[in-house]
Amino acid sequence: MEAIVQLSGVSKRYGEGELTVQALQEVDLTLERGAFAAVVGPSGSGKTTLLNMLGALDRPDAGQVHVEGREITRLSRAAQARLRLQRIGFVFQAYNLLPVLTAYENAEYVLLLQGVRAPERRRRVLALLERVGLAGLADRFPHQLSGGQQQRVAVARAIASEPALVLADEPTANLDSRTGAALIDLMVELNQEKGTTFLFSTHDQHVMSRARQLLLLTDGRITYAGNYAGYALLP
Amino acid sequence: MSLLTLAWRSIWRNRRRTLITVSSIGLGLFLAVCFIAFADGIYAKLIDDAVRIQAGHVLFEHPAYRDAPAADLVVQVDVALRRRLEGLPEVERTKALVLGQGVAKSAAGAVGVALLGVEPAVEVHSSPLAARVEQGSYLDDPDAAEVLIGAQLAAQLELTPGKKLVLATNDVHGDLVEELARVKGVFRLGAEEFDGFFVQVPIGFARRLYDLGPDQATQLGVLLRDADDQPAMQPRLAQWVDPRQVVVRGWDEVMPELASYIRVDGGSNYVLQVILLVLIFFTIFNTLLMSVLERRREFAVLLALGTPPARLRLQILAESALIGLLGCLVGLSLGAAVAGYYQVHGLDLRSLMPEGATISGFAMSLLVHPRLTLELLAWLGGLVFGVTLLLGLYPMQRATQVPVADVLR
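Definitions and limits used
- Residues numbered from 1 in each chain as written.
- Chains lettered and ligands numbered in written order.
- Predicted model: local features only at pLDDT ≥ 70, side-chain atom pairs only at ≥ 80, totals over all residues.
- Helix = DSSP H or I, 4+ residues; strand = E, 2+ residues; numbered from the N terminus.
- Rg over C-alpha atoms; globule rule 2.2 N^0.38 Å.
- Buried ≥ 20, exposed ≤ 12 C-beta atoms within 10 Å, placed from the backbone.
- Contact = placed C-beta atoms within 7 Å.
- Pairing = 2+ DSSP bridges.
- Axes fitted to C-alpha atoms, helices over the stretch in contact; angles between N-to-C directions.
- Parallel < 35°, antiparallel > 145°, perpendicular 65-115°, else oblique.
- Nonpolar A, V, L, I, M, F, W, Y, C, P; charged D, E, K, R; others polar.
- pLDDT = per-residue confidence, 0-100.

## Points about the overall build of chain B
Next up, step 1: What chain B contains, in helices and strands, is 16 helices and 16 strands.
Next up, step 2: For 409 residues, the compact-globule formula gives about 22 Å, and the C-alpha radius of gyration of chain B, at 30 Å, lies well above that figure.
Next up, step 3: Seen along its three principal axes, the alpha-carbon backbone of chain B occupies a region of about 100 × 45 × 30 Å.
Next up, step 4: Burial status across chain B gives 42% buried among its 409 residues.

## Re helix 12 (residues 296-304) of chain B
Next up, step 1: Most of helix 12 of chain B is tucked away, with 7 of its 9 residues classed as buried.
Next up, step 2: Glu298, Phe299, Ala300, Val301, Leu302, Leu303 and Ala304 of chain B are the residues of helix 12 of chain B that are buried.
Next up, step 3: As for helix 12 of chain B, its buried residues are in contact with helix 2 (77-87) and strand 6 (88-91) of chain A together with helix 13 (309-345), helix 15 (393-400) and helix 16 (404-408) of chain B.
Next up, step 4: Immediately downstream of helix 12 of chain B, the backbone of Gly306 of chain B shows phi near 105 degrees, a positive value.

## A look at the sheet that holds strand 8 (residues 197-201) of chain A
All names here are of chain A.
Next up, step 1: Taking strand neighbours across the sheet as the criterion, the 6 strands line up as 6-7-8-3-9-10 in an open arrangement whose pairing is mixed. A strand with exactly one partner marks an edge of an open sheet, and here the two such strands are strand 6 and strand 10 (221-226). Recorded for the sheet is a direction-independent mean angle of 20 degrees between the axes of neighbouring strands.
Next up, step 2: Where strand 7 (residues 165-169) and strand 8 come together, 5 bridges link them in parallel fashion.

## Description of the environment of Ile203 of chain B
Residues and elements named next belong to chain B.
Next up, step 1: Its location among the elements puts Ile203 in helix 8 (residues 203-210).
Next up, step 2: Judged by local crowding, Ile203 falls into the buried class, with 27 C-beta atoms found within 10 Å.
Next up, step 3: Spatially, the C-alpha atom of Ile203 lies 18 Å from that of Gly150, the residues being 53 residues apart in sequence.
Next up, step 4: With residues up to four places along the chain from it excluded, the contact list for Ile203 reads Ala96, Val98, Gly117, Val118, Glu119 and Pro142.

## Details of the environment of Val77 of chain B
Next up, step 1: Here Val77 of chain B lies in the loop between strand 2 (75-76) and helix 3 (79-86).
Next up, step 2: The spacing of Val77 of chain B and Leu288 of chain B is 211 residues in sequence and 65 Å in space, taken between C-alpha atoms.

## A short note on the packing of helix 2 (residues 15-53) of chain B against helix 11 (residues 256-293) of chain B
If you want to describe how two helices pack, look at the angle between their axes and the distance between the axes.
Residues and elements named next belong to chain B.
Next up, step 1: Interhelical geometry of helix 2 versus helix 11 gives an angle of 175 degrees and a closest axis separation of 10 Å. Taken as axis vectors, helix 2 and helix 11 run roughly antiparallel relative to one another.
Next up, step 2: The class makeup of the residues in the contact of helix 2 with helix 11 is 15 nonpolar, 9 polar and 1 charged.

## So, the pairing of strand 4 (residues 109-118) of chain B
Residues and elements named next belong to chain B.
Next up, step 1: By the bridge criterion, 9 bridges tie strand 3 (residues 91-106) to strand 4 in an arrangement that is antiparallel. When the bridges of strand 4 are listed, Leu99 appears paired with Leu116.
Next up, step 2: Across 5 bridges, the pairing between strand 4 and strand 9 (residues 198-202) is parallel. Directly across from Ala114, in strand 9, lies its bridge partner Phe198.

## With respect to the confidence of the model for chain B
Next up, step 1: Across chain B, the average pLDDT comes to 89, with 97% of residues at or above 70.
Next up, step 2: Here the complex is predicted with pTM 0.76, and the ipTM for its interfaces comes to 0.89.

## Considerations on the sheet that holds strand 4 (residues 62-67) of chain A
Residues and elements named next belong to chain A.
Next up, step 1: Strand order in the open sheet formed by 4 strands is 2-1-4-5, and the pairing between neighbours is antiparallel. At either margin of the open sheet sits one strand with a lone partner, and together these are strand 2 (21-32) and strand 5 (70-71).
Next up, step 2: Note that strand 1 (residues 3-14) and strand 4 share 5 bridges and pair antiparallel. Across the sheet, Val5 pairs through a bridge with Val67, a residue of strand 4.
Next up, step 3: Helix 1 (residues 47-54) rests against strand 1, strand 2 and strand 4 of the sheet, and its axis sits at about 125 degrees to strand 1.

## Points about unusual backbone geometry
Next up, step 1: Phi angles above zero are rare outside glycine, and Glu162 of chain A is one such case at about 50 degrees.
Next up, step 2: Following the sequence through the fold, Glu162 of chain A ends up in the loop between helix 5 (147-160) and strand 7.

## A word on the pairing of strand 9 of chain B
Residues and elements named next belong to chain B.
Next up, step 1: For strand 9, a buried count of 5 out of 5 residues is recorded, marking the element as mostly surrounded by other parts of the structure.
Next up, step 2: Side-chain alternation along strand 9 places Phe198, Gln200 and Pro202 on one buried face and Val199 and Val201 on a second face that is also buried.
Next up, step 3: Bridge analysis of strand 6 (residues 146-150) against strand 9 gives 2 bridges, and the strand direction is antiparallel. What sits directly across from Leu148, in strand 9, is Gln200.

## Brief notes about the interface of chain A and chain B
Next up, step 1: The interface of chain A with chain B comprises 23 residues on the first partner and 18 residues on the second.
Next up, step 2: Secondary structure elements with two or more residues in the side of chain A that touches chain B: helix 1, helix 2 and helix 3 (103-114) of chain A.

Take a look at the structure:
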């Protein structure tokens, strides 16, 4: 299988002096295209930092990050923005929908930036909203939607442009277990239907059990990489 | 979802802040429009009254007269020249004046006065004095031995229309001459310089008094339809005459005190406008910056989604532009409505200043008509809108420098 992301010796440190936190320490990681993987670990173990490195939202102090074979740590801000726009989708824990846009417009936003023509945008966004179960709520603004509905819009926004990689930082953390499970179902279906690579962080045992690949981060190092069954046997 | 729509919705997310900013811009512009329009109106009226009482916006006089005014320093009032002048579209009318100093005497006393020999048929249509006659009537016969005097002078010399006074002066030969004249009317301008020491006589009578020829006058004045034409007309008319015999002057050279008052007062008004605008601009900048700092998370999300920094900058610029545009619309509309209303109807200040007001020796009209022009609205609106855009540059830059990972953490 082809590697979609590759981290080689990536380290990242925050703060100075006694307040220094080593978020990532010489992390090596390869994720294959079409993977459905979860990053797990205690709070402060470096999960979000790892996702930020992969999404070109942050730069490592050392090491290299390749996305689809391209080294991204030295790209300009504008080039990183282009990379995210074309190849990477994001789902955030706090949904982070744009409050002045409707559900439809939020899902449409990335397509608009990509210059997709209006009829095509409309076709794709309406199909997506139907796909995530929000067909009748397209004209609602974020404050008129429940948390689960907002996160579904966020997923629709993340996959609207059919990115190669979707990074989701604790996407179910603010949802009840039923809604969270439904969201993971949706992500699994999209992964299987479109072959989109998903990498998400989570604390939830039920959610991590759905991942085909688990990465355990401890103090900024990957201390386990395997499936959930193996992870469950860890002491 | 165009960028403009996104910007429009974004500025109304914090409705109160946007309303406060738009109101600040609007109020500032409204005040600026009113201040400038009223000041321009007052200056224009002052100049107009002054030039109409005296020799017009542009005048022809002897080259030596300004330095040492004397009765014998005169110009020939050529009929052909007057006709040519009055044929110009910029010219409203011409007027010949004889100027001099003298003493007005009655049984009650004697007062040193400024004598102004005028053409009654011209002055009655152009001079504010003709409209300010409160006793008797204005001069009508160009040769009659009649005078129009100010109310203060009339009171001092205990004169009323129909009574006689003696005017004493030196003629062009330097001889002391005296003439008896009858009071035709009494005016009140509200300025002591005029009401107490100013005497108008028909030009024929003045010529007799000073022993001038029938075509001679101290000044040939030109009243323009638009005072703004004066700077262009003065050099143009100067080419018509022999500079050794006649010089062409503007009203600002003839009434330097009034001109410098307008310059100084206009300058201090300008400083006030600048202070007002700086305060407004500070409010705008503060609001724009706050709106960006408060929305760091939103910008971080936009950048994370792949929004090009240039597009984000454009969005912030569009927000600044919309706020500036709204503020300008409010301010200019209000300013135009208020200044426009008073331009037509006038603002009556007489109840506030029953004694009247004088500026640089000239009575200020207390029915103030602001001077509102499209040019004023355009440059004020353009200035505020342009500066609002400039003020949006720094917040715009800040928005794209948001540390995305830190803000989203």
